[in-house]
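# Chain and residue survey
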Amino acid sequence: SSIYNIGIGIDDKNPNNYSLNLGQSHLGLPDRDYYLKDDKALADTRAAYRQYLTDMMTLAGISDAAARADRILALETEIAKVQWTRADRRAADKIYNPMPVSELKTLAPDFPWDSFLAESRIPLTTANGSERYAIVAEKTAFGPLAKIFAATPVSTWRDYLVVHYLQRFAAYLPKRFDERNFAFYGTALSGQPQQRERWKRGISAVESQIGELLGQIYAARYFPAPNRAAMGDLVGNLRAAMAANLADLKWMGPETRKAAQAKLDAFTTKIGDPARYKTYRGLVVTATTPLANQMSAAKWQMDDQLRRLGKPVDRAEWYMFPQTVNAY
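Overview of the structure. (Residues numbered from 1 in each chain as written. Predicted model: local features only at pLDDT ≥ 70, side-chain atom pairs only at ≥ 80, totals over all residues. Heavy atoms only, no water.)

### Remarks on the overall build of the protein
The helix and strand tally for the protein stands at 13 helices and four strands. For the protein, the spread of C-alpha atoms along the three principal axes comes to 70 × 50 × 45 Å. In the protein, the proportion of contacts linking residues at least 24 apart, taken out of those at least 6 apart, comes to 68%. If you sum the accessible surface of the protein, you get close to 19200 Å²; carbon and sulfur atoms cover 57% of it. One finds the centroid of the 43 positive side-chain charges in the protein at a distance of 3 Å from the centroid of its 35 negative side-chain charges. (Helix = DSSP H or I, 4+ residues; strand = E, 2+ residues; numbered from the N terminus. Contact = heavy atoms within 4.5 Å. Areas by Shrake-Rupley, 256 points an atom, 1.4 Å probe, with all protein chains shown as cover. Lys, Arg positive; Asp, Glu negative; His and termini not counted. Charge placed at Lys NZ, Arg CZ, Asp CG, Glu CD.)

### Side note on the environment of alanine 240
Residue position: alanine 240 is located in helix H11 (residues 225–248). Each C-alpha atom, one on alanine 240 and one on alanine 43, is 59 Å from the other, the two residues being 197 residues apart in sequence.

### Examining the side chain of glutamate 76
Note that glutamate 76 resides in helix H3 (residues 65–82). It is arginine 46 that comes nearest to the buried, bridge-free glutamate 76 among opposite-charge side chains, at 11 Å. In contact with glutamate 76, not counting residues within four places along its chain, are Leu27, Gly28, Leu29, Tyr35, Tyr49, Tyr160 and His164. (Buried < 20%, exposed > 50% of the residue type's maximum accessible area, 1.4 Å probe, protein only. Salt bridge = Lys/Arg side-chain N within 4 Å of Asp/Glu carboxyl O.)

### Things to note about the side chain of serine 19
In this fold, serine 19 is placed in strand E2 (residues 18–24). Within the local environment of serine 19, its side chain forms a polar contact with the side chain of asparagine 21, the two groups lying 2.9 Å apart. (Polar contact = N/O pair within 3.5 Å; in protein donor to acceptor, adjacent residues only side chain to side chain.)

### Topic: the packing of aromatic side chains
Aromatic ring pairs are reported here in terms of the distance separating the ring centres and the angle at which the planes meet. Enumeration over the complete set of coordinates arrives at 18 aromatic pairs. Seen from their ring centres, tryptophan 157 and tyrosine 160 are 5.2 Å apart, and the 85° between their planes marks the pair as edge-to-face. A residue pair is termed a helical-turn pair when its members lie 3 or 4 positions apart in one helix, as tryptophan 157 and tyrosine 160 do in helix H8 (residues 154–168) at three residues. Like tryptophan 157, the residue tyrosine 160 is buried in the burial classification. With centroids separated by 5.0 Å and ring planes inclined at 50°, the aromatic side chains of tyrosine 218 and tyrosine 222 adopt a geometry described as tilted. Of the two residues, tyrosine 218 and tyrosine 222 both sit in helix H10 (residues 198–222), four residues apart, roughly one turn of that helix. Between lysine 94 and the ring centre of tryptophan 84, over which it is positioned, the NZ or CZ distance is 5.6 Å. The residue whose ring lies beneath arginine 307 is tryptophan 300, and the NZ or CZ to ring-centre distance is 5.5 Å. (Phe/Tyr/Trp six-rings, centres within 6.5 Å; stacked < 30°, edge-to-face > 60°. Lys NZ or Arg CZ within 6 Å of the ring centre and 35° of its normal.)

### Description of unusual backbone geometry
If you check the backbone angles, aspartate 64 has positive phi at about 55° while not being a glycine. By secondary structure assignment, the location of aspartate 64 is in the loop between helix H2 (40–59) and H3. Taking the relative accessible area as the measure of exposure, aspartate 64 reaches 52% and is therefore exposed. Residue arginine 121 is not a glycine yet carries a positive backbone phi of 65°. Note on placement: arginine 121 falls in the loop between helix H6 (113–119) and strand E4 (133–136).

### What about the environment of aspartate 303?
Within the element layout of this structure, aspartate 303 appears in helix H13 (residues 290–306). Each C-alpha atom of the pair aspartate 303 and tyrosine 4 lies 19 Å from the other, and the pair is 299 residues apart in sequence.

### A short note on the packing of H3 against helix H7 (residues 139–151)
Relative to each other, H3 and H7 sit at 160°, their axes nearing to 9 Å. As the angle between them shows, H3 and H7 are arranged roughly antiparallel. The element H3 and its partner H7 pack so that their crossing is right-handed. Along its contact with H3, which presents Leu75, Glu78, Ile79 and Val82, the element H7 presents Ala141, Pro144, Leu145 and Ile148. Here the contact of H3 with H7 is built from residues that sort into seven nonpolar, no polar and one charged. (Axes fitted to C-alpha atoms, helices over the stretch in contact; angles between N-to-C directions. Parallel < 35°, antiparallel > 145°, perpendicular 65-115°, else oblique. Left-handed = near helix turned anticlockwise from the far one by under 90°. Nonpolar A, V, L, I, M, F, W, Y, C, P; charged D, E, K, R; others polar.)

What follows is the structure, given as structure tokens:
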């Protein structure tokens, strides 16, 4: 976690290109309202969260955990005050603010952008030597967030980073961390009386690290070549039927008909499993250290995102696994 989120996405207004995206970071509680609203239930949740922060640091052997928890909660409350609401963040045009990365220093001068981008391994120039652009989401929050960053002691930021590290990797730490983390995020916040079975969590862990390799095995077993051919025929028949329907629609004018046919022709079919799987080349996996595996996978996934910058969007890429029960 950081005060800003950073990642690589598909440019909403130029979907042939990948974009560098920056936005306000998440908080320990689900939304800014949890920190700011004068509500009995939310006040109880804040108290439970403070205890959670205290307990996680205590489990990690950190001294004076309660006072540190108070400082983290106070910091996140200040962050919540300047963050955008969910309603504002749903306005697509408001959260699309492209700018050269050098302009970040003008937008939020109190934040060390050079260090942040260097540590994130973001190249500041493109392949042709021009300055890289970033798409900033909650633009008016960036300056106030930077002021909070500058005004907060380094010791508080260290505690903030430590406790969010413990939260993110709790499932791969000793059982006491996992159980305390679930007691708050699973039971107190979400009402789940108990965790999923251990084997299901184990599968989820493998999916989060090398999900497409698992999917490749799954598809080989449950989606053989005859199934693929049959689905290809089915979709081909659907396309032909839709094209015939478009040609005969009485209410559709010539220009609309032409646009609709072009859309049908451009439609990409993704059924069963991807034509090309990720290889996860460079990912180091051990047989004995699940925490190291998860951290290595997180780094590999960031590296995989960084490799996209400056390249055309891979339209054949899948954004779910073959074994996932879902549709998009």
